[in-house]
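Structural overview
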Amino acid sequence: MRTRLAPSPTGAQHLGNARTHLIAYWAARRAGGELVFRIDNLDSPRVKSWAIDQAIEDLRWLGIEWDGQPILQTDHESRYRQALATLTHGGGNLAYPCVCSRKDIAEALSAPHESRFRGEGPIYPGTCAGYRDGDAIPEQHHCWRLRVSDQTLEFDDAVLGPQRCNPARELGDFPITSKNGQVSYQLAVVVDDQSQGVDFVIRGNDLIASTFRQLDLSRHLGYPVPRYAHVPLVLGSDGRRLAKRHGDTRLSHYRECGVTAEAIVGWAAHSLGLIDTAEPQKASDLIDQFDWSRLPTRDTVMDTERLFGL
Ligand SMILES: [Zn+2]
């Protein structure tokens, strides 16, 4: 097994991220596999340079050991360009230029068709989908959209079990570049996983819709499909994603307050059902306790303001 840590450098790592990173570490070591550390820093306006250094420091502090040097997406831009050219100019009518604004899309949908996936927004109505390879490319600002498949895609998730989705009906054609030509997160991740030999993707369950988009991309690019594990998130006591209203849940904050990495590791393992009590533990001492079948499928709802005696 070869999996990856891919902390987002658009902000600080919080408790929920820490737990996902620990799962990837335990799963890789338990399987005798490899763990690469990749920094998804293509999304340039949102990337914070301090967040890259801090993610490395946070993960080391937790006791997570990875293989090799951290890999920066920005060091490999030619790979993304190559894959993009296959999709946009490869002759398979796989993608098309789209000049629509958000407003155009909203107006084209008389009854906005929301995706069943939380937070995915309206399904693109196909306004620009009539383009065929070789047609004139519009002079206006445009992104490129992938023509997704109108058939049920399936995968067997290591945590959630069988998952299915018809991307055309449930997600819609999606951008593989921004309007200024930058390769999208979806495409960059697929290219990275393939070129880095990642065969097992471990990440939060808020990315299941992304996985179906990435399955379509892998198919079009002729890449092997990795295994997937979508792990439960940590939610605040109101059942919403961790945010400022739940208090400061950044790892750096706990560290500054004198909370030990062992306390956080013990909490993470306990909240995942891997150990019976939330005693402090070293990350490396829990490798043998890791078992996919013990992980809960539901998110963990908790009062983060009462943790670690703060
Ligand atoms: Zn369009």
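Residues numbered from 1 in each chain as written. Predicted model: local features only at pLDDT ≥ 70, side-chain atom pairs only at ≥ 80, totals over all residues. Heavy atoms only, no water.

Under an unreviewed UniProt entry, the protein chain has the name Glutamate--tRNA ligase and belongs to Stieleria neptunia. Word for word, the UniProt comment on the protein chain under Sequence similarities (unreviewed entry) is "Belongs to the class-I aminoacyl-tRNA synthetase family." (UniProt positions renumbered as here; feature names shortened; annotations may be inferred.)

**Description of the pairing of strand β4 (residues 95–98)**
Here β4 shows two buried faces, one formed by Ala95 and Pro97 and the other by Tyr96 and Cys98. Where β4 lies against strand β5 (residues 143–146), four bridges are found, and the strand directions are antiparallel. When the sheet's bridge partners are listed, Tyr96 is paired in β5 with Arg145. (Buried < 20%, exposed > 50% of the residue type's maximum accessible area, 1.4 Å probe, protein only. Helix = DSSP H or I, 4+ residues; strand = E, 2+ residues; numbered from the N terminus. Pairing = 2+ DSSP bridges.)

**Considering the coordination of the zinc ion**
Surrounding the zinc ion are the protein donor atoms Cys98 (SG), Cys100 (SG), Tyr124 (OH) and Cys128 (SG), which sit 2.1 to 2.3 Å from the metal. Geometry at the zinc ion is tetrahedral, judged from the four donor atoms that bind it and their angles of 99 to 124° at the metal. Sequence positions of the donors to the zinc ion reduce to the motif C-x1-C-x23-Y-x3-C. Each member of the pair Tyr124 and Cys128 is classed as buried. (Donors = N, O, S within 2.8 Å, 3.2 Å for Na, K, Ca; no water. Tetrahedral: all angles 85-135°; square planar, octahedral: opposite > 155°, others 65-115°.)

**Structural notes on the sheet that holds β4**
Spatially, β4-β5-β8 is the arrangement adopted by the three strands of the open sheet, whose pairing is antiparallel. Edge positions in the open sheet fall to β4 and β8 (174–175), since each of these has one partner strand only.

**Focus: the packing of helix α3 (residues 77–89) against helix α6 (residues 185–195)**
Orientation of α3 relative to α6, taken along the N-to-C sense of each, is 115°, at an axis distance of 10 Å. The orientation of α3 with respect to α6, classified from their angle, is roughly perpendicular. In terms of crossing hand, the pair formed by α3 and α6 is right-handed. Between α3, through Arg79, Tyr80, Ala83, Leu84 and Leu87, and α6, the contact on the second element is made entirely by Leu187, Ala188, Val191, Asp192 and Ser195. A per-class count over the contact of α3 with α6 returns seven nonpolar, one polar and two charged. (Axes fitted to C-alpha atoms, helices over the stretch in contact; angles between N-to-C directions. Parallel < 35°, antiparallel > 145°, perpendicular 65-115°, else oblique. Left-handed = near helix turned anticlockwise from the far one by under 90°. Contact = heavy atoms within 4.5 Å. Nonpolar A, V, L, I, M, F, W, Y, C, P; charged D, E, K, R; others polar.)

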